[in-house]
Amino acid sequence: MTSASTEVGVAVSATDHQAHSLVARDISVRFGGLMALSGVSLEIEPGSIAGLVGPNGAGKSTLLAVLSGLLRPNEGQVWLRGEDVTRASARARATRGLARTFQQPELFLGLTVREHLVLAYRARVSRTRLWRDMLDPRCLLPPSPAENERVDGLLEVLRLTRVAKAPVAALPLGIVRLVEVGRALASDPHVLLLDEPLSGLDMKASENLLEVFKSIVEKNDHGLSVIIVEHDVAAVLALSNTVFVLDFGERIAAGSPEQIRNDPAVRAAYLGDSEPPQRSAAPRPVDQDPQELTGDPST
Ligand code: ADP
Ligand code: MG
């Protein structure tokens, strides 16, 4: 695959960056003496869901920071929709269609779900208006018909219509996460990076989120790609078209969920053994522990 191409140094230049939403090639990041990432590459197809997994300290968050423009790699390049953005700021990447969620959502607790999405939509359309609203969110100007239509669509795909009028302060974490995803989607991105969106959620909320992520990609009309960094490997295997596995800063495997499930290096990284995998591609039955395959080698 890519690593082989990299070695021969020929096929790499033939990588069709235009055909991918996002490409990272040979990314290395050093923190002092520590190699947080060593020559990591990935390619994300339009309209696909890619999972990024690996044990604690594997380099997942570092890679996400490199992709989103918060961290400049020591080596390697990043292309966003065919354009080399290695030196572009996070804001410039956002303008080119990259959106992300954060593990700690920053929401205005007094505002309703709907008001958050209206604000997020305005941030895309008019920064001036956004700032006016932000300075005094309680005086939120009434939404225009176009804003209402767009926000109604978002509420529906996120399954938030029923709680649209509720202040986010009153809502459970699973709903708050969806509001955060909605804010990222309001900019109508081409690539959405999700940082551990399932952390702290119970199984029912997790499954709801996973279903929403699937339908967001399926219903998108311009090939939205989602990259999900997640501790829950079983969830990632059930959701993703392609999975990339990091361990100690290196990409140790990449492929379909089936290939990853059967990959001896992955099993060794997670389970420290060579037993055959137990899980199937089917979504988790509700009576199983979602953390079961979430192996942390330090425990
Ligand atoms: P993951 O998200 O997979 O758990 P990280 O990307 O957070 O892993 O970290 C990868 C490695 O880099 C870890 O050993 C971590 O301690 C180290 N690291 C991450 N960020 C920094 C930093 N800002 N300074 C120094 N070391 C860091
Ligand atoms: Mg992390």
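See the structure above.
Since the model is a prediction, treat every value here as computed from it, not as a measurement. Counting restarts for each chain, with residues numbered from 1 along the sequence as it is written. Written order determines the labels here, with chains lettered from A and ligands numbered from 1. Local features in this predicted model are restricted to residues whose pLDDT is 70 or higher, and side-chain atom pairs enter the listing and the counts only when it is 80 or higher, whereas totals over whole chains, interfaces and linings include all residues.

If you tally the helices and strands in the protein, you get eleven helices and ten strands. Every C-beta atom is placed from the backbone, and the number of other C-beta atoms within 10 Å of a residue's own sets its class: buried at 20 or more, exposed at 12 or fewer, partly exposed in between. Taken over 299 residues, the protein has a buried fraction of 39%. By the convention adopted here, residues are in contact when the distance between their C-beta atoms, placed from the backbone, does not exceed 7 Å. Sequence separation of 24 or more characterises 68% of the internal contacts of the protein that already satisfy a separation of 6 or more. Each helix is a run of H or I in the DSSP string that is no shorter than four residues. Each strand is a run of E no shorter than two, and both are numbered from the N terminus.

The antiparallel open sheet is built from four strands, whose spatial order is S2-S1-S4-S5. Edge positions in the sheet fall to strand S2 (34-44) and strand S5 (83-84), since each of these pairs with one other strand and no more. For two strands to count as paired, DSSP must find a minimum of two bridges between them. Of the pairings in the sheet, the one linking strand S1 (residues 22-31) to S2 comprises seven bridges and is antiparallel in character. Its bridge partner lying in S2, Ala 24 is registered against Leu 42. Its contacts with the sheet place helix H2 (residues 60-68) against S1, S2 and strand S4 (75-80), and it is angled at close to 120° to S1. Axis lines are fitted to C-alpha atoms, over the contacting stretch for helices. Their N-to-C directions set the angle, which ranges from 0 to 180 degrees.

Here Ala 65 shows up in helix H2. In contact with Ala 65, other than residues within four places in its own chain, are Leu 70 and Leu 71.

Each residue gets a C-beta atom placed from its backbone. Should that atom fall within 6 Å of a molecule or strand, the residue is termed near it. Residues in contact with ligand 1, as listed here, are Phe 31, Leu 34, Ala 36, Gly 54, Asn 56, Gly 57, Ala 58, Gly 59, Lys 60, Ser 61 and Thr 62. A total of three residues in the shell around ligand 1 trace back to one element, the largest contributor, which is H2. Per-class residue counts for the shell around ligand 1 are four nonpolar, six polar and one charged. Residues are grouped as follows: nonpolar covers Ala, Val, Leu, Ile, Met, Phe, Trp, Tyr, Cys and Pro; charged covers Asp, Glu, Lys and Arg; every other residue, Gly included, is treated as polar.

Attention now goes to the environment of Leu 34. By the secondary structure assignment, Leu 34 is in strand S2. In the structure, Leu 34 is positioned 215 residues away from Gly 249 in sequence and 9.4 Å away in space, judged by C-alpha atoms.

Glancing now at the pairing of strand S7 (residues 191-195). With respect to burial, S7 is a largely interior element, five of its five residues being buried. Two elements, strand S6 (residues 98-100) and S7, share three bridges in a ladder whose sense is parallel. The residue bridging Ala 99 from the neighbouring strand is Leu 192, located in S7. Pairing between S7 and strand S8 (residues 225-229): five bridges, direction parallel.

Taking 1.5 Å per residue, 13 residues should reach 18 Å; helix H7 (residues 173-185) reaches 18 Å between its end C-alpha atoms and fits that length. Every buried residue of H7 is accounted for by Ile 175, Arg 177, Leu 178, Val 179, Glu 180, Val 181, Gly 182, Arg 183 and Leu 185. The span expected for a helix works out to 1.5 Å for each residue beyond the first.

The strand order S6-S7-S8-S3-S9-S10 describes an open sheet built from six strands, whose pairing is mixed. Each having just a single partner strand, S6 and strand S10 (250-255) make up the two edges of the open sheet. Recorded for the sheet is a direction-independent mean angle of 15° between the axes of neighbouring strands. The pairing of strand S9 (residues 242-247) with S10 spans five bridges and is classified as antiparallel. Residue Phe 244 lies in a different strand from S10, and its bridge partner there is Ala 254.

Our focus in this paragraph is the packing of H7 against helix H8 (residues 203-219). One can describe the packing of H7 onto H8 by two numbers: an axis separation of 10 Å at closest approach and a directional angle of 20°. Between H7 and H8, the interaxial angle falls into the category roughly parallel. Here H7 runs over H8; the crossing is right-handed. Mapping the contact onto sequence places Gly 174, Arg 177, Leu 178 and Leu 185 in H7 and Ala 205, Asn 208, Leu 209, Val 212 and Ile 216 in H8. Here roughly perpendicular refers to angles of 65 to 115 degrees, roughly parallel to angles under 35, roughly antiparallel to angles over 145, and oblique to all remaining angles. When the near helix sits turned anticlockwise from the far one by under a right angle, the crossing is termed left-handed; a clockwise turn instead gives a right-handed crossing.

Attention now moves to the nonpolar core. Burial of nonpolar side chains together is a common tendency in soluble globular proteins. In these notes, a nonpolar core means any group of buried Ala, Val, Leu, Ile, Met, Phe, Trp, Tyr and Cys residues linked to one another through C-beta atoms within 7 Å. In terms of nonpolar packing, the biggest core is built from 74 residues, with Leu 117, Ile 227, Ile 228 and Val 245 touching the most fellow members. There are two domains that each give this core at least three residues, and those are domain 1 (1-97 + 189-277) and domain 2 (107-188). In this structure, Ile 227 is in contact with Ile 44, Ala 50, Leu 52, Val 191, Leu 193 and Leu 194, ignoring residues within four places of it in sequence. The split of the chain into domains comes from an automatic or database domain assignment.

Moving on to the environment of Leu 158. Among the structural elements, Leu 158 can be located in the loop between helix H6 (145-157) and H7. Residue class for Leu 158 comes out buried when judged on the 24 C-beta atoms lying within 10 Å of it. Residues in contact with Leu 158, not counting those within four places in the same chain, are Leu 178, Val 181, Gly 182 and Val 212.

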